[in-house]
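# Coordinate analysis (summary)
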Amino acid sequence: MLRLLKFLISSFFTIRGRKYDCLDLTMTLTIANTTILEAQYVASGETISTYGSCQSAAVPTSSTCRVLGVVSTSSTSNVHFEMWLPDTWFGRFLGVGNGGLGGCIDYAQLDYGNTMHFATIGSDNGHDGESGLSFLNNPEVINDFTHRAIHVEAVVGKQIIEAYYKKPHSKSYYLGCSTGGRQGIQSALLFPDDFDGIVAGAPAVDFNHLLGWTAMLNRFVGAPNPENSPTFIPLSLWPSIAQEIMDQCDSLDGLKDAIITEPDDCDLRLQTLACEGDMGNTDGCLTTAQLEALDKIYSPLLGTQRQVLYPRYDPGSEADGDFAAMFNGSISSIPADWERYAVQNNASFSFADYSIADVEYTSMLDLGGVSTWNGSLTSFRERGGKIITYHGRRDPGIASGISKRLHALVSTALSSPSHPNIDDFYRLFLIPGMGHCSGGQGAWAFGQGLSANVVNDTEHNVLLAIVDWIESEDFKAPERIVGSTVPVDGGEMVERVHCRYPQRSVWDVNGDVFGCV
Ligand code: CA
């Protein structure tokens, strides 16, 4: 009884102490070019008002001290950040990234990091909201987006840790996907001392070509007006296209399971979809003009010199629910905003004549070094940094082939007789059946974010895998990552091993299981 009383009294004073330590940060924190806007201790389950226009509220899963502030990055730009400092802190620092052209502090990932006992910081990437309008007439906002905001997170976050916990962090980590994946690679290239371990999912690297590719896919199908655009494929036809592709390629991996393990093995024969006598779209068939558009979609994007600018759309991705934005006949907001507000710096820029020449111009300009297309990771590797990257094989937003190309780029830049490959610091895991960063038929949950059914050990959780690689006595590098499916209709959860590239995922008929060779 006495012991319980002592524990309760001690817990009361500990929490009370944390509350005051947290509140004190508004008075005691002094960081160059930085204003602390708020410091608030939040109990688990309590609703907080969030910063920015992207969402209005969040509910921390675990108690935290949240610190909100703004860093002046130039006379015309600033980065808003929010840091969550967990009660039970394991000494680690975590920075998290953004998505699209965002503009949004990633509260879900703040919550995830905090729950996993990392002191975790996220930022608004230098502007508020999903739109690229803030890039107009402001190159410094572009610089925050292309390479500066994550560096700000690292500089500020490490100082806040020292002020709150009264000791420095032990190791530093980064977690991001899509634009967040690009930010992770950019950090390793430009600020190699910022993070010890980086998890960079579906990286939006080769950014200018990625956005050009996205825009050109819509140009290939044209506007949804049959009279002006015989190449346009009505969205109602895509299910039959997806079914035909699945029929042709699902079994190539040895198992008919609605997952195309290796889309690059899928040698499409799209003529099977041709309408007889070219009489128009009856019974889900396609006209010659539509088939020509399909052929361009499932081929790499070529430049004016016939060079490959970007890999092809992964067959199987059209089965993902998010695919429609790629082929609905209008250029989606991410490439449109980047071209209009950043590249052209002209809010009324028209896409009527947009072509490969525009893609190449955008790439040549490479505003703020946004391309993030450089294999020179020598400094990061030599100081002991490690990168895990992953990519879904049915990603309808960023073709997974780009992660293979990035692996080749880094390998080519860094291979030497003493280092014949890059396995000592850089590992890529391709995830069959996963969509953009998460979701899909495949075993897509492996700790890239908070997911209920992931076992939190180094084999199943990619964030813990990078921690193990950096911190374990024998620097245990991840050979495989085990993912879990997330059944939406109460079905059975299934695990599947994901292989370290260039190993391949191969079906073992006798073992009734996928393995890596
Ligand atoms: Ca299959």
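Residues numbered from 1 in each chain as written. Predicted model: local features only at pLDDT ≥ 70, side-chain atom pairs only at ≥ 80, totals over all residues. Heavy atoms only, no water.

### Remarks on the overall build of the chain
Let me state the cut-off plainly: Helix numbers and strand numbers start at the N terminus; a helix is a DSSP run of H or I with at least 4 residues, a strand a run of E with at least 2. Put simply, the radius of gyration uses C-alpha atoms, and a globule should come to 2.2 Å times the residue count raised to 0.38. Three exposure classes are used, based on accessible area relative to the maximum for each residue type with a 1.4 Å probe and protein chains only: buried under 20%, partly exposed in between, and exposed over 50%. When checking whether two residues touch, look at their non-hydrogen atoms; a contact exists if any pair is within 4.5 Å.
The number of helices and strands found in the chain is 12 helices and 17 strands. A compact globule built from 517 residues should have a C-alpha radius of gyration of about 24 Å, and the chain, at 24 Å, falls within 12% of that. Here the C-alpha coordinates of the chain stretch approximately 90 × 60 × 50 Å along the principal axes. With 517 residues in all, the chain has 55% of them scored as buried. Across the chain, the fraction of contacts at a sequence separation of at least 24, relative to all contacts at a separation of at least 6, is 68%.

### Some words on the packing of helix H3 (residues 139–165) against helix H4 (residues 179–190)
For any two helices packed against each other, the geometry comes down to the angle between their axes and how far apart the axes lie. Basically, it comes down to this: Axis geometry follows a simple rule: fit a line to the C-alpha atoms, using only the stretch in contact for helices, then measure angles between N-to-C directions, giving values from 0 to 180 degrees. Between 65 and 115 degrees an angle is taken as roughly perpendicular, under 35 as roughly parallel, over 145 as roughly antiparallel, and anywhere else as oblique.
At a closest axis distance of 9 Å, the pairing of H3 and H4 adopts a crossing angle of 70°. Between H3 and H4, the angle falls in the class roughly perpendicular. On H4, the residues touching Phe145, Thr146, His147 and Ile150 of H3 are Thr179, Arg182, Gln183, Gln186, Ser187 and Leu190.

### Some points on the environment of Cys22
Counting through the fold element by element, Cys22 comes out in helix H1 (residues 2–28). Using a relative accessible area of 0% as the deciding quantity, one classes Cys22 as buried. Leave out the neighbours within four places in its chain, and Cys22 touches Ala39, Gln40, Tyr41, Cys65, Arg66 and Tyr164.

### Remarks on the coordination of the calcium ion
Inclusion rule: Note that water is not among the atoms used; donors are N, O and S atoms within 2.8 Å of the metal (3.2 Å for Na, K and Ca), so sites may look incomplete.
In this structure, Asp250 (O), Asp250 (OD), Asp253 (OD), Asp253 (OD), Leu255 (O), Asp257 (OD) and Ile259 (O) serve as the protein donors to the calcium ion, at separations of 2.3 to 2.6 Å. In primary sequence terms, the donor set of the calcium ion follows D-x2-D-x1-L-x1-D-x1-I.

### Re the pairing of strand S7 (residues 118–123)
Going by this rule: At least two DSSP bridges between two strands are required for those strands to pair. Orienting the strands away from the viewer, one traces the path from the first strand over the helix to the second; a clockwise path indicates a right-handed crossover.
Across the six residues of S7, six count as buried, placing the element largely inside the fold. Residues Phe118, Thr120 and Gly122 point to one face of S7 and Ala119, Ile121 and Ser123 to the other, with burial holding for every one of them. For strand S6 (residues 92–96) and S7, the ladder comprises four bridges, and the chain directions are parallel. Directly across from Phe93, in S7, lies its bridge partner Ala119. Read from S6 through helix H2 (residues 107–115) to S7, the crossover connection turns out right-handed.

### What about the layout of surface pockets?
Short version of the rule: Only protein atoms enter the calculation, which uses a 1 Å grid: trapped sets of points that fit a 1.4 Å probe without letting it out are cavities, open sets showing protein on both sides within 12 Å along at least five of seven lines are pockets, and any residue with an atom within 4 Å of a point is a lining residue. Grid points are joined across faces, edges and corners, and a volume is the space filled by probe spheres set on the points. Polarity classes work like this: nonpolar for Ala, Val, Leu, Ile, Met, Phe, Trp, Tyr, Cys and Pro, charged for Asp, Glu, Lys and Arg, and polar for all others, with Gly in that last group.
In this structure, the largest pocket occupies an estimated 1,100 Å³ of space. Around the largest pocket, the lining comprises 47 residues; the ones closest to its centre are Gly99, Gly100, Ser178, His436 and Cys437. Of all elements in the fold, only H2, strand S8 (171–177), H4, helix H5 (207–221) and helix H8 (333–343) reach the threshold of two or more residues within the lining of the largest pocket. Looking at the lining of the largest pocket residue by residue, the class counts come to 22 nonpolar, 21 polar and four charged.

### Structural notes on H5
Counted only if it meets this: By this rule the span expected of a helix is its residue count minus one, scaled by 1.5 Å.
In a regular helix each residue adds 1.5 Å, so 15 residues correspond to 21 Å; H5 covers 22 Å between its end C-alpha atoms and thus fits that length. Positive phi appears at Gly222, one or two residues downstream of H5, with a value of about 75°.

### Digging into the environment of Gly490
By the secondary structure assignment, Gly490 is in the loop between strand S14 (480–484) and strand S15 (495–499). Taking the relative accessible area as the measure of exposure, Gly490 reaches 73% and is therefore exposed. Between the C-alpha atoms of Gly490 and Arg3, which are 487 residues apart in sequence, the distance is 45 Å.

### Focus: the packing of aromatic side chains
Each pair of aromatic rings is reported with the distance of its centres and the angle of its planes. Rules: Think of it this way: a Phe, Tyr or Trp ring, Trp meaning its six-membered ring, pairs with another when their centres are within 6.5 Å, and the plane angle makes it stacked under 30 degrees, edge-to-face over 60, tilted otherwise.
Within this structure, the stated rule accounts for 21 aromatic pairs. Between Phe145 and Phe207 the ring centres are 6.0 Å apart and the planes differ by 65°, which places this aromatic pair in the edge-to-face class. Placement of the pair is Phe145 in helix H3 and Phe207 in helix H5, with a sequence separation of 62 residues. The exposure classification of Phe145 matches that of Phe207, with both residues buried.

### Points about the packing of H5 against helix H7 (residues 288–297)
Rules: It is the rotation of the near helix from the far one that decides the hand of a crossing: anticlockwise by less than a right angle makes it left-handed, clockwise makes it right-handed.
At a closest axis distance of 9 Å, the pairing of H5 and H7 adopts a crossing angle of 165°. On the basis of the axis angle, H5 is roughly antiparallel to H7. Considering only the axes of H5 and H7, their crossing is right-handed. Along its contact with H5, which presents Leu217, Phe220 and Val221, the element H7 presents Ala293, Lys296 and Ile297. For the contact of H5 with H7, the per-class residue count stands at five nonpolar, no polar and one charged.

### Here we look at the pattern of salt bridges
Threshold: Salt-bridge detection follows one rule: a side-chain nitrogen of Lys or Arg within 4 Å of a carboxyl oxygen of Asp or Glu.
Under the criterion given, the structure shown has 17 salt bridges. A salt bridge links Lys404 to Glu262; the nearest nitrogen and oxygen atoms lie 3.2 Å apart. Residue Lys404 is located in helix H11 (residues 401–414), and its partner Glu262 is located in the loop between helix H6 (238–249) and H7; the two are separated by 142 residues in the primary sequence. The partner of Asp264 in a salt bridge is Arg393, with the nearest N and O atoms 3.7 Å apart. Of this pair, Asp264 sits in the loop between H6 and H7 while Arg393 sits in the loop between strand S12 (386–392) and H11, and the two are 129 residues apart along the sequence. For Asp264, a relative accessible area of 38% puts it in the partly exposed group. Sharing partners across several salt bridges, the network here consists of Glu262, Asp264, Arg393 and Lys404.

### Quick notes on the sheet that holds strand S13 (residues 426–431)
Reading across from one edge, S1-S4-S5-S7-S6-S8-S9-S12-S13 is the order of the nine strands in this open sheet, with mixed pairing throughout. Each of the sheet's edge strands pairs with one partner strand only, and the pair in question is strand S1 (34–42) and S13. Each neighbouring strand pair of the sheet contributes to a mean axis angle of 15°, computed without reference to strand direction. Pairing of strand S4 (residues 64–74) with strand S5 (residues 77–86) involves 10 bridges; the strand directions are antiparallel. Following the sheet pairing, Cys65 is matched in S5 by Leu85. Packed onto the sheet, helix H12 (residues 462–471) meets S6, S7, S8, strand S9 (197–201), S12 and S13 and runs at close to 155° relative to S12.

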